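Tertiary structure, described
This is what each chain is made of:
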Amino acid sequence: QMQFVESGGGLVQPGGSLSVSCAASRIMFNVYVMGWYRQAPGKQHELVATVTSGGSTTYADSVKGRFTISRDNAKNTVYLQMNNLKPEDTAVYYCNAVVGGTTPVGSWGQGTQVIVSS
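About the thresholds
- Residues numbered from 1 in each chain as written.
- Predicted model: local features only at pLDDT ≥ 70, side-chain atom pairs only at ≥ 80, totals over all residues.
- Heavy atoms only, no water.
- Pairing = 2+ DSSP bridges.
- Helix = DSSP H or I, 4+ residues; strand = E, 2+ residues; numbered from the N terminus.
- Axes fitted to C-alpha atoms, helices over the stretch in contact; angles between N-to-C directions.
- Contact = heavy atoms within 4.5 Å.
- Salt bridge = Lys/Arg side-chain N within 4 Å of Asp/Glu carboxyl O.
- Buried < 20%, exposed > 50% of the residue type's maximum accessible area, 1.4 Å probe, protein only.

Taken together, the four strands give an open sheet; going across it, the order is 1-3-8-7, and neighbouring strands pair in antiparallel fashion. Edge strands, defined here as strands with exactly one partner in the open sheet, are strand 1 (3–7) and strand 7 (67–72). Direction aside, neighbouring strands of the sheet carry axes that sit 15° apart on average. Where strand 1 meets strand 3 (residues 18–25), five bridges bridge the pair, whose relative direction is antiparallel. Looking at the pairing, E6 lines up with C22 of strand 3.

Now for the environment of V51. For V51, the location among the structural elements is in strand 5 (residues 46–51). A C-alpha to C-alpha distance of 14 Å links V51 and A24, two positions 27 residues apart in sequence. Ignoring sequence-local partners within four residues, the contact set of V51 consists of V33, M34, S56, T57, I69, S70, R71 and V78.

Another aspect to go through is the pattern of salt bridges. For the structure on display, the rule yields four salt bridges. The salt bridge involving R38 is made with E46; its shortest N-O contact spans 2.9 Å. Residue classification places R38 among the buried positions, given a relative accessible area of 6%. Residue D89 pairs with R38 through a salt bridge whose shortest N-O separation is 2.9 Å. Linking D89 in the loop between strand 8 (77–82) and strand 9 (91–99) with R38 in strand 4 (residues 33–39), this pair joins segments that are 51 residues apart in sequence.

Bringing the pairing of strand 3 into the picture now. Alternating positions in strand 3 separate cleanly, L18, V20, C22 and A24 being buried on one face and S19, S21, A23 and S25 remaining unburied on the opposite face. Pairing between strand 3 and strand 8: six bridges, direction antiparallel. Residue A23 lies in a different strand from strand 8, and its bridge partner there is T77.

Next comes the structure, spelled out in structure tokens:
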């Protein structure tokens, strides 16, 4: 069973930056596209960004130009650098392996809370 441990969230003011990380285990990491999802209160999980093992990336329109996803295959870790944060980015952020472009593969980890507020 895949396991994901997210870290690095926190409270940041609008316009600020934050970086979150996800350590994956029990997974053939290099095989999978990895993605960051987020879940705002009362809403479903939303796919934010994906990265292939070779480094190709995709982004949701709402974060394009502000967020950057990357991965370190040697460390089984995926990162999300978030710049120019907005209040609507407030959510719990999760990583997961992705298939079919959008579908998460494993169970959700505990996530990491990001709050954008003045």
